[in-house]
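Single-letter residue listing:
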Amino acid sequence: MLVVDGLDVHYGDLQVLWGISLEVRDGEIVALIGSNGAGKSTLIRAIAGLIRPTKGTIRLDHLLLNRRPPHEIVKAGISMVPEGRRLFPKMSVLQNLRMGAFMKKARHEIEQTLGWVYDIFPVLKERSDQPAGLLSGGEQQMLAIGRALMANNRVLLLDEMSLGLSPLLVQNLFKIIAQINETGISVLIVEQNVPMTLRLADRAYIIETGHIVGEGAAESLLNSPRVREAYLGIGPECEDSLGGV
Amino acid sequence: MGQTLVYGILNGSLYGIIALGIALVFGIMKYLNLAQGTLIILGAYIGLYLSQLGLDPFLSIPVVMVALFLFAAVLFKTCFSRLINFDEEEKIKNSLLISFGLMLFLDNLITVIWTSDERSITPAYSGITFELFGLRIPLIGLAGALLAVILILLLHLFLTRTYFGQSVVAVSQDQEAASLMGVNVSLTFLTSFAISVSIASIPSMLIALQSFSPTVGLHWFNKGIVVVILSGIGNIYGVLPAGLFLGIIEALSVYIFGPSYREVTGLAVFVLILILVPKGLFRRRGAA
Ligand SMILES: Nc1ncnc2c1ncn2[C@@H]1O[C@H](COP(=O)(O)OP(=O)(O)OP(=O)(O)O)[C@@H](O)[C@H]1O
Ligand SMILES: [Mg+2]
């Protein structure tokens, strides 16, 4: 179980996260909902070790993770798909995937994991020798997710994976995330598409200007008037426009 | 004319390996190490010391290599490690300042230890040349060129065939993403810096076999940086051809205009190329 407790984060003198507490239980999909600039990426980056929190703790089971550098956090069991994909553009698809399994424990299982990732994203197998920088946006995102899966970790952090992708592809990716979660991987997901994300998730937290202002079962948030107004831009009378995922 | 080309090629391969150390540090870490030339000269003095103990200059290369590796690791820890998480522009500016200071300091330290006299190492075989197709080829120059080629091949194998090498390539393309893969970026920086400086042991020895004094480091750095820019910044496979190019241009200029125009012609061609092909002569597209 991933537990964040009382986390403060500053950029220089500017405080952007205030006493954030949340948890992701084993096997759960947890969504983080909030408008632009609320601090979602900052929180995900702090968990991954890319930013050092000024206060509070991050634990995976009993292991204290705050103050550790990113490479130790991956080793502890948390992988991240960063905002903007961040592939190694001049490396081939296969080399990118191999980098995902850079840790010693992942290296031992690399062929198996690679088979699994290719099953999930067959297009990566077809493109395995192409430089990552020449893939289409959708393929790049698949590679970013596949690369994170190569670490064979228990927790996956996803920051805006569907940014700039076609609705059809986004739907596919959501299905794939559900499928990945079925294998027992916990997911903390940040997405712009609030209704879709709340349908995928078990629970969700709402973050506004650096504070957690709400939390609950995803389903009940989806139906709460407050969330509907703030994030879905609709009143209670427009039920149908939410559509199906 | 043929003989001119021979000297151009041999000199050029020396420029190429000098540039390699600078290009590696810049390509991987985005640090500009102005002190690389001075570190080469430091290596030459260590080689001189070893030769006074009776060690052959070529056999002392591995010893100098290890010495420079360790010294560079300490330098990195003390002077450069704080810049690791700066953004690219800040890295370039700050590393430039730090390495400039370091260069001045080391130049003076070397003068204090070894005096400012001009030195050279002259083993029994230093004047030996042999004939090939009617051209005289100096033994030492040829050995240096071979070492340069071997070194680049080894480096290529290391970067493409080993996990650690791949992590270095990953860091050079996206440092933060590499850290998310489990790469220890500080350790990769430290090791890459130390390896890049230890490569200086080869130019150290080649220069030691010509002649050197404490303050010529900057002169050699200048040759190196010109080659790095000619080859296309950050491209380590272009440095050898770009080095050869500069070497040959200089040699031709000596042949045509006489020795006093050698530097001027080299730099003039350099500026001309910057204007015509600003991205460098040997920039590769696609794979690293
Ligand atoms: N490197 C930085 N330096 C200073 N301030 C930053 C930095 N990165 C983000 N911020 C600020 O921190 C706040 C939170 O940013 P963050 O990127 O976490 O938001 P977000 O919720 O991910 O937004 P979005 O939905 O646009 O991705 C914003 O006000 C932003 O301006
Ligand atoms: Mg964000």
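Residues numbered from 1 in each chain as written. Chains lettered and ligands numbered in written order. Predicted model: local features only at pLDDT ≥ 70, side-chain atom pairs only at ≥ 80, totals over all residues. Heavy atoms only, no water.

Residue and element names in this part refer to chain A. Across the sheet, 4 strands lie side by side as β2-β1-β4-β5; this open sheet has antiparallel pairing. Of all strands in the sheet, those with a lone pairing partner are β2 (14–24) and β5 (63–64), marking the two edges. Pairing between strand β4 (residues 55–60) and β5: 2 bridges, direction antiparallel. Opposite R59, over in β5, you have L64 as the bridge partner. Of the strands in this sheet, β1 (2–11), β2 and β4 touch helix α1 (residues 40–48), which is tilted by about 115° from β1. (Pairing = 2+ DSSP bridges. Helix = DSSP H or I, 4+ residues; strand = E, 2+ residues; numbered from the N terminus. Contact = heavy atoms within 4.5 Å. Axes fitted to C-alpha atoms, helices over the stretch in contact; angles between N-to-C directions.)

Before going further, it helps to spend a moment on the pattern of salt bridges. Under the defined criterion, the tally for this structure stands at 17 salt bridges over all chains. One salt bridge in this structure joins R154(A) and D26(A), with 3.3 Å as the shortest N-O distance. Of this pair, R154(A) sits in the loop between α7 (137–149) and β7 (155–159) while D26(A) is found in the loop between β2 and β3 (29–33), placing the two residues 128 residues apart along the sequence. R154(A) sits in the partly exposed class, given a relative accessible area of 31%. Exposure remark for D26(A): the relative accessible area of 55% places this residue in the exposed category. Across the salt bridge formed by E176(B) and R45(A), the nearest N and O atoms sit 2.8 Å from each other. Here E176(B), found in helix α7 (residues 175–180), pairs with R45(A), found in helix α1, and the two come from separate chains. According to the relative accessible area criterion, E176(B) is partly exposed, its value standing at 22%. Residue class for R45(A) comes out partly exposed when judged on its relative accessible area of 21%. Each of E23(A), R25(A), E28(A) and R203(A) takes part in a single network of salt bridges with overlapping partners. (Salt bridge = Lys/Arg side-chain N within 4 Å of Asp/Glu carboxyl O. Buried < 20%, exposed > 50% of the residue type's maximum accessible area, 1.4 Å probe, protein only.)

A word on the layout of surface pockets. Reported here for the largest pocket is a volume of approximately 840 Å³. In this structure, the largest pocket is lined by 38 residues; those nearest its centre are L50(A), I84(B), N85(B), Q175(B) and E176(B). At the level of elements, α1 and α2 (70–76) of chain A together with α4 (88–114), α6 (163–173), α7 and α8 (185–198) of chain B are the ones that each hand at least two residues to the lining of the largest pocket. (1 Å grid on protein atoms, 1.4 Å probe; cavity = no way out; pocket = protein on both sides within 12 Å on 5 of 7 lines; lining within 4 Å. Points joined across faces, edges and corners; volume = space filled by probe spheres on them.)

Okay, empty space enclosed by the protein next. In total, this model carries 3 cavities of 30 Å³ or more according to the counting rule given. One number sums up the size of the largest cavity: a volume of about 60 Å³. The wall of the largest cavity is formed by L24(B), I28(B), L155(B), F158(B), L159(B), V168(B), S192(B), I195(B) and S196(B). When contributions to the lining of the largest cavity are tallied by element, the ones reaching two or more residues are α1 (2–29), α5 (139–161) and α8 of chain B. Classifying every residue of the lining of the largest cavity by side-chain character gives 7 nonpolar, 2 polar and no charged. Roughly 40 Å³ of volume is contained in the second largest cavity. Contributing elements (two or more residues each) for the lining of the second largest cavity: β6 (78–81) and α7 of chain A. (Nonpolar A, V, L, I, M, F, W, Y, C, P; charged D, E, K, R; others polar.)

Residue and element names in this part refer to chain A. Of all residues adjacent to ligand 1, which total 13 residues, the nearest are G37, G39, K40, S41 and T42. Here an oxygen atom of ligand 1 sits 2.7 Å away from a polar atom, N or O, in the side chain of S41. Taking T42, its side chain carries an N or O atom lying 2.4 Å from an oxygen atom of ligand 1. Out of a free accessible area of 630 Å², ligand 1 has 60% covered by protein chains. The element best represented in the shell around ligand 1 is α1, accounting for 3 residues. When the residues that make up the shell around ligand 1 are grouped by side-chain class, the tally is 3 nonpolar, 7 polar and 3 charged. (Near = heavy atom within 4 Å. Polar contact = N/O pair within 3.5 Å; in protein donor to acceptor, adjacent residues only side chain to side chain. Areas by Shrake-Rupley, 256 points an atom, 1.4 Å probe, with all protein chains shown as cover.)

Another point: the environment of H219(B). Residue and element names in this part refer to chain B. With respect to the element layout, H219 can be found in helix α10 (residues 217–231). Judged by its relative accessible area of 33%, H219 falls in the partly exposed class. Linking H219 and G37, residues 182 residues apart in sequence, is a C-alpha distance of 7.4 Å.

Now for the sheet that holds strand β9 (residues 203–208) of chain A. Residue and element names in this part refer to chain A. Spatially, 6 strands are ordered β6-β7-β8-β3-β9-β10 in an open sheet, and the strand pairing comes out mixed. Lying at the two open borders of the sheet, with one neighbouring strand each, are β6 and β10 (211–217). The sheet shows a mean angle of 15° between the axes of neighbouring strands, direction not considered. The strands touched by α7 within the sheet are β6 and β7, with β6 carrying the most contacts at an inclination of about 170°.

Turning our attention to the packing of aromatic side chains. All names here are of chain B. Applying the stated rule across the entire model yields 13 aromatic pairs over all chains. For the pair F80 and F193, a centre-to-centre distance of 5.1 Å together with 45° between the ring planes defines the contact as tilted. Taken together, the residues span a long stretch of sequence, with F80 in helix α3 (residues 57–80) and F193 in helix α8 at a distance of 113 residues. Here F80 and F193 have matching classes, each one buried. (Phe/Tyr/Trp six-rings, centres within 6.5 Å; stacked < 30°, edge-to-face > 60°.)

On to the interface of chain B and chain A, then. Listed as interface residues are 19 residues of chain B and, on the opposing side, 24 residues of chain A. Buried area between chain B and chain A, both sides added, is near 2,100 Å², and the carbon and sulfur share of it is 63%. By the criterion of area lost to chain A, the three top residues of chain B are Y163(B), L180(B) and M181(B), representing 37% of everything that side buries. Between chain B and chain A we count 3 salt bridges in total. The interface formed by chain B and chain A holds 5 residue pairs in polar contact (both at pLDDT 80 or more) in total. Sorting the residues of the side of chain B that touches chain A by element identifies α6 and α7 of chain B as the ones contributing at least two each. Among the elements that line the side of chain B that touches chain A, the one with the most residues is α6(B), at 6 residues. Per-class residue counts for the side of chain B that touches chain A are 10 nonpolar, 7 polar and 2 charged. (Buried area = accessible area lost by both parts, 1.4 Å probe.)

All names here are of chain B. Two strands pair when backbone bridges link them, and strand β1 (residues 129–132) and strand β2 (residues 135–138) are joined in this way by 4 bridges, in the antiparallel orientation. Paired with E131 across the two strands is R136, which belongs to β2. Connecting the antiparallel pair β1 and β2 is a turn made up of 2 residues, with F133 showing a positive phi of about 45°.

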